[in-house]
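Here is how the chains run, residue by residue.
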Amino acid sequence: MGPVQAGIPPRRRAVLLALVLAAGAAVVPTVALRLPPPHGSPHTVAWACGAVGGGAVSAPALGWTRPRCRAPACVYSMRRDPQTAKGGAVRVSRGRRVLAGRLSSTDCTPDVSNASQINVAVLGGGSFGTAMSHVLGRKGVNVTMVVRKPEVAASINENGTNTQHQSHVQLPATVHATVDAAAAFSNADFIFHAVPVQFTREALGKVAHLMPPGVPVISLSKGIETSTLMLMAEVLEDCLGTDRPLAFLSGPAFASEIAEGLVTAVTIASHDRELANDLMELLASTNFRALYSPDVVGVEIGGAVKNVIAIAAGMCEGLGLGTNAMAALVTRGCTEMRKLAVVCGGESSTVFGLSGVGDTFGTCFGPLSRNRQVGIRLGRGETLEEILQSSTEVAEGVATSRAVTALVCKRVKGYRRDLKYPILFGVAAILDGKITPREGLERLMEMPLRVEDFSSR
């Protein structure tokens with residue numbers, strides 16, 4: 001008993017404890033705290049994310065006992081036995097390997113001796129796949145990039161540079177490349193998927209059977225598949241099955257800045273909290289940070305819609321409309337993003353995080369945004385065909401714009417949906433050549449006068 005408790009009568013102490021527990025129950029749904037257990041004695045770590053329930057999953061041989069519940073919202077506790085749990089051990093959960101103290105996370109600096117035990121395969125040698133290889137490689141993780149061209153693989157292995165993307169930045173020594181997906185996947189602890197959305201189904205159709213069962217797949221792609229109107233979560237489940245652990249990375253993250261080691265924060269969305277914990281630890285460093293969200297749908301909607309809003313913001317700049325107009329347009333665009341997220345089953349609050357407004361601000365105002373550049377050129381009078389022919393990288397917002405409006409028509413009831421989502425429908429009409437950017441602006445300014453709506457729908 002501590003000195004403070006010693007001076008409190010037992011009955012009053014019980015009343016105070018009840019008040020503390022009641023106050024904690026009120027804030028538990030919105031706060032999650034983790035306290036690392038000391039190595040000297042068994043310790044309970046409390047995870048607060050909802051209501052109590054469920055049974056216990058025990059792994060005494062590995063030193064962990066996990067009381068768990070069936071519902072995603074739960075109070076989640078974890079007890080560590082210092083006699084059997086050792087640093088660098090591999091914890092087995094649901095048939096897959098996960099981290100158990102294999103990386104140093106106390107000061108976010110890499111522990112090369114432990115990190116070198118981890119193998120990661122990155123499917124795709126584009127900008128973002130290369131950037132995430134930098135993040136992992138700097139921590140000493142063994143990274144194998146799966147690329148299409150043998151000459152790109154040779155350059156990465158021999159010179160440490162990807163000749164196609166971020167060639168000015170030297171890749172870490174632990175990053176290698178191959179055109180053989182089977183070799184890369186055979187001993188992978190994690191597989192990062194870095195293929196653009198519209199090419200994902202074709203790419204996975206060739207390599208899905210090579211992925212070992214139970215190995216988690218982390219999607220780095222943002223957007224909506226135009227042929228099916230599926231989000232990446234649905235596409236991956238369709239291609240890989242429903243039993244594979246999945247996670248989705250999104251947020252304000254320009255590939256070139258990541259490769260250069262500039263500070264970046266992103267969101268990791270997953271229904272599997274253990275997987276999300278492992279990924280946050282895997283990626284954490286002094287210049288890269290991932291935060292967890294259980295709202296996969298909300299995170300994915302934000303990552304898709306922000307590209308469309310960025311095209312609109314670029315057109316605003318191309319037309320020379322000024323800062324006032326752009327700020328208004330981006331704000332109203334985020335309102336449409338929030339409405340669509342809720343309609344699709346996501347949480348309204350997710351839009352106010354890194355994957356929503358954070359990614360939107362970076363894409364709309366950042367000079368590195370491909371979607372913003374498309375909008376600028378459209379605003380200055382170039383045609384979409386001219387822009388796409390001269391572009392070497394994919395601007396996801398062009399294909400996503402049409403998919404977003406089709407998704408709205410599919411999910412939103414009623415008529416005149418263009419009045420509820422005028423920016424999304426306006427960008428699609430401009431890309432389809434039905435109206436000019438100037439005409440799109442005039443339509444927005446002629447919208448009916450109304451209350452500034454902050455309701456979820």
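The structure this text deals with has already been given above.
As the structure is a prediction and not an experimental result, all values here were calculated from the model.

### Considering the overall build of the chain
- Check the secondary structure of the chain and you find 19 helices and 16 strands.
- The proportion of buried residues among the 457 residues of the chain is 49%.
- Here the analysis covers contacts within the chain between residues at least 6 apart in sequence; of these, 65% occur between residues at least 24 apart.
- On the chain, roughly 21,600 Å² of surface is accessible, and the fraction owed to carbon and sulfur atoms is 58%.

### Side note on unusual backbone geometry
- Positive phi, close to 50°, is recorded for Q166, a residue that is not glycine.
- Position of Q166 among the secondary structure elements: in the loop between helix 5 (150-159) and strand 9 (175-178).
- We note that R416 has phi near 50°; this positive angle belongs to a residue other than glycine.
- Along the polypeptide, R416 turns up in the loop between helix 16 (396-411) and helix 17 (417-420).
- Classification of R416 by relative accessible area gives partly exposed; the value is 44%.

### Re helix 4 (residues 127-138)
- With twelve residues, helix 4 ought to run about 16 Å at 1.5 Å a step, and its terminal C-alpha atoms sit 17 Å apart, in line with that.
- Extensive coverage of helix 4 is indicated by the burial of eleven of its twelve residues.
- When we look at burial in helix 4, the residues that qualify are S127, F128, G129, T130, A131, M132, S133, H134, V135, L136 and G137.

### Things to note about the pattern of salt bridges
- Here the structure, examined in full by the defined rule, presents nine salt bridges.
- Between R372 and E317 there is a salt bridge, and its shortest N-O distance comes to 2.5 Å. Taken as a pair, R372 in helix 14 (residues 370-379) and E317 in helix 11 (residues 296-318) lie far apart in primary sequence, 55 residues in all.
- Its relative accessible area of 9% is what places R372 among the buried residues.
- A salt bridge links R416 to D418; the shortest N-O distance between them is 3.0 Å.

### Here we look at helix 13 (residues 354-365)
- Every buried residue of helix 13 is accounted for by S355, G356, V357, G358, D359, T360, T363 and C364.
- At its buried positions, helix 13 is contacted by strand 14 (246-250), strand 15 (264-269), helix 11, helix 12 (323-343) and helix 14.

### Considerations on the environment of R377
- Relative to the elements of secondary structure, R377 occurs in helix 14.
- The class of R377 is partly exposed, set by a relative accessible area of 23%.
- In the structure, R377 is positioned 63 residues away from G314 in sequence and 7.8 Å away in space, judged by C-alpha atoms.
- When near neighbours in sequence (up to four residues on either side) are disregarded, R377 contacts E382, E386, I387, S390 and S391.

### So, the side chain of S401
- Along the chain, S401 falls in helix 16.
- Here S401 falls in the buried class, since its relative accessible area comes to 1%.
- Every residue in contact with S401, bar those within four places of it in the chain, is listed here: V308, L424, V427, A428 and L431.

### A word on the pairing of strand 14
- Most of strand 14 sits out of view: five of its five residues are buried.
- Residue alternation in strand 14 divides its side chains into two sets, L246, F248 and S250 and A247 and L249, and both sets are buried.
- Pairing geometry for strand 11 (residues 217-219) and strand 14, over three bridges, is parallel. Bridge pairing in strand 14 links V217 to L246.
- As defined by bridge partners, strand 14 adjoins strand 15 across three bridges and the pair is classed as antiparallel. Note that in strand 15 the partner of F248 across the bridge is A269.

Conventions and cut-offs
Residues numbered from 1 in each chain as written. Predicted model: local features only at pLDDT ≥ 70, side-chain atom pairs only at ≥ 80, totals over all residues. Heavy atoms only, no water. Helix = DSSP H or I, 4+ residues; strand = E, 2+ residues; numbered from the N terminus. Buried < 20%, exposed > 50% of the residue type's maximum accessible area, 1.4 Å probe, protein only. Contact = heavy atoms within 4.5 Å. Areas by Shrake-Rupley, 256 points an atom, 1.4 Å probe, with all protein chains shown as cover. Expected span 1.5 Å × (residues − 1). Salt bridge = Lys/Arg side-chain N within 4 Å of Asp/Glu carboxyl O. Pairing = 2+ DSSP bridges.

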